[in-house]
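If you want the building blocks of each chain, they are given just below.
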Amino acid sequence: MDFICVFGYLQFEKIMNFKYLWPALLIVVLETTSLFASPIACCTFLKGNRIFMRSVRCEKDPIFCCESVPRFPLTLRRLLRADLGMCHEEILFPYLSSVEVCSAPTRYEEFAGFFGIGLDAASHGLDLKHAWIRTPHKEAGMGTKVKFSPVTQWQDHTGLGENNRAKCHSLPGCDVNCVEDKIQLGEITGLYSLVNTCQHLVSRVIRACGCYDVCVAYNNAGFCMEWAWPKLK
């Protein structure tokens, strides 16, 4: 009886030895992983004049999965492409142009003196930014013709996009020649007002030249939190 018990114990130890169990454990891990891991598809949509991407769980063909995504919000949209894997900026590369829209905190103080300090404080509090356009050959935006004057013009902004407080985003679909033709340094761009700001000027140009807006920041639920150009609606 003692011999049988000892033999049984040794067999049990042998079976429990990891080198005998690891193939079975590996199979269990792989099977468990396959149960919980779901393939992902990245869907790239065009909605109005905005391009956005959304990662969705997908067990079938990516195109089928993307076309099955609920239409949120309830507006017309067109599927541009469907890719396996999570969404990343490289997926947008075929659509991006060499036109960028840039923004940075306002600098009214530079041309409005003491009054500009108040305007800057209000703008920064409301998160309103100065905006301009950068292309391969030009970087310009709205500026005043002379200091303390409401008359505005296209002003050279070369190098401003390299400022560490500036953000520049490439826009899809732009006609680069069209954008550069519309930027004529020194050309009068009207009186500065609530309906004629640097943002309005940029918006007029990029909308006239076929540019699309693009989402540059999503929340955890996959909804867009920041567009490259908020004025493009």
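Analysis parameters
- Residues numbered from 1 in each chain as written.
- Predicted model: local features only at pLDDT ≥ 70, side-chain atom pairs only at ≥ 80, totals over all residues.
- Heavy atoms only, no water.
- Helix = DSSP H or I, 4+ residues; strand = E, 2+ residues; numbered from the N terminus.
- Buried < 20%, exposed > 50% of the residue type's maximum accessible area, 1.4 Å probe, protein only.
- Contact = heavy atoms within 4.5 Å.
- Areas by Shrake-Rupley, 256 points an atom, 1.4 Å probe, with all protein chains shown as cover.
- Pairing = 2+ DSSP bridges.
- Axes fitted to C-alpha atoms, helices over the stretch in contact; angles between N-to-C directions.
- pLDDT = per-residue confidence, 0-100.
- Phe/Tyr/Trp six-rings, centres within 6.5 Å; stacked < 30°, edge-to-face > 60°.
- Lys NZ or Arg CZ within 6 Å of the ring centre and 35° of its normal.
- Disulfide = S-S within 2.5 Å.

**Q** With reference to specific residues and values, describe the overall build of the protein chain.
**A** Check the secondary structure of the protein chain and you find six helices and eleven strands. Each of the 233 residues in the protein chain was classed as buried or not, and the buried ones make up 36%. If you take every contact in the protein chain between residues at least 6 apart in sequence, the share linking residues at least 24 apart comes to 63%. Within the structure as shown, the protein chain displays about 14,600 Å² of accessible surface, and the carbon and sulfur contribution to it stands at 62%.

**Q** Would you mind going over the sheet that holds strand β6 (residues 139-144) in detail, with residue names and values included?
**A** Judged by pairing direction, the sheet is antiparallel, and its six strands sit side by side in the order β8-β4-β5-β6-β7-β9 without closing on themselves. With one partner strand each, in any of the chains shown, β8 (167-172) and β9 (188-191) form the two edges of the open sheet. On average, each strand axis in the sheet is inclined to that of its neighbour by 30°, with strand direction left out of account. Across six bridges, the pairing between strand β4 (residues 96-105) and strand β5 (residues 129-134) is antiparallel. Along β5, the bridge assignment pairs S103 with A131. Strands β4, β5, β6, β7 (151-156), β8 and β9 of the sheet are contacted by helix α6 (residues 198-208), whose axis makes an angle of about 30° with β5.

**Q** Describe in detail the confidence of the model for the protein chain, supporting the description with residues and values.
**A** For the protein chain, mean pLDDT is 77; residues scoring 70 or higher make up 72% of the total. No element of the protein chain has a lower mean pLDDT than helix α2 (residues 18-36), which averages 39, and none a higher one than helix α5 (residues 176-182), which averages 97. Confidence drops under a pLDDT of 50 for residues 113-118, and excluding neighbours within four residues, the segment shows five contacts in the predicted structure.

**Q** Any chance you could break down the sheet that holds strand β10 (residues 213-218) for me, citing the residues and the numbers?
**A** Pairing within the open sheet is mixed, and its five strands lie in the order β3-β1-β2-β10-β11. Edge strands, defined here as strands with exactly one partner in the open sheet, are β3 (78-84) and β11 (224-227). Across the sheet, the mean angle from the axis of one strand to that of its neighbour is 35°, orientation sign disregarded. Relative to β10, strand β2 (residues 50-57) runs parallel, the two being bridged by two bridges. Paired with R50 across the bridge in β10 is D213.

**Q** Summarise the packing of aromatic side chains; cite the residues concerned and give the values.
**A** Taken as a whole and assessed by the stated rule, the structure comprises one aromatic pair. Just above the ring of W227 sits the side chain of R50; from NZ or CZ to the centre is 4.1 Å. One residue, R77, lies across the ring of F45, its end atom 4.1 Å from the ring centre.

**Q** Which residues make up the state of the cysteines, and what values go with them?
**A** Summed over all chains, the structure comprises seven disulfides. Residue pairing for C58: its cysteine sulfur links by disulfide to C65, the two sulfurs lying 2.0 Å apart. Here C58 and C65 share a disulfide; its torsion about the S-S bond, 75°, makes the bridge right-handed. For the pair shown, C58 and C65 are each scored as buried. The partner cysteine of C174 in its disulfide is C211, sulfur to sulfur 2.1 Å. An S-S torsion of about 130° defines the bridge between C174 and C211 as right-handed. Note that C174 is positioned in the loop between β8 and α5 and C211 in the loop between α6 and β10, a separation of 37 residues in sequence.

**Q** Any chance you could break down the pairing of β4 for me, citing the residues and the numbers?
**A** Burial analysis of β4 places seven of its ten residues in the buried class, the great majority of the element. Sheet topology places β4 next to β8; five bridges connect them, and they run antiparallel. The partner of V101 across the bridge, within β8, is H169.

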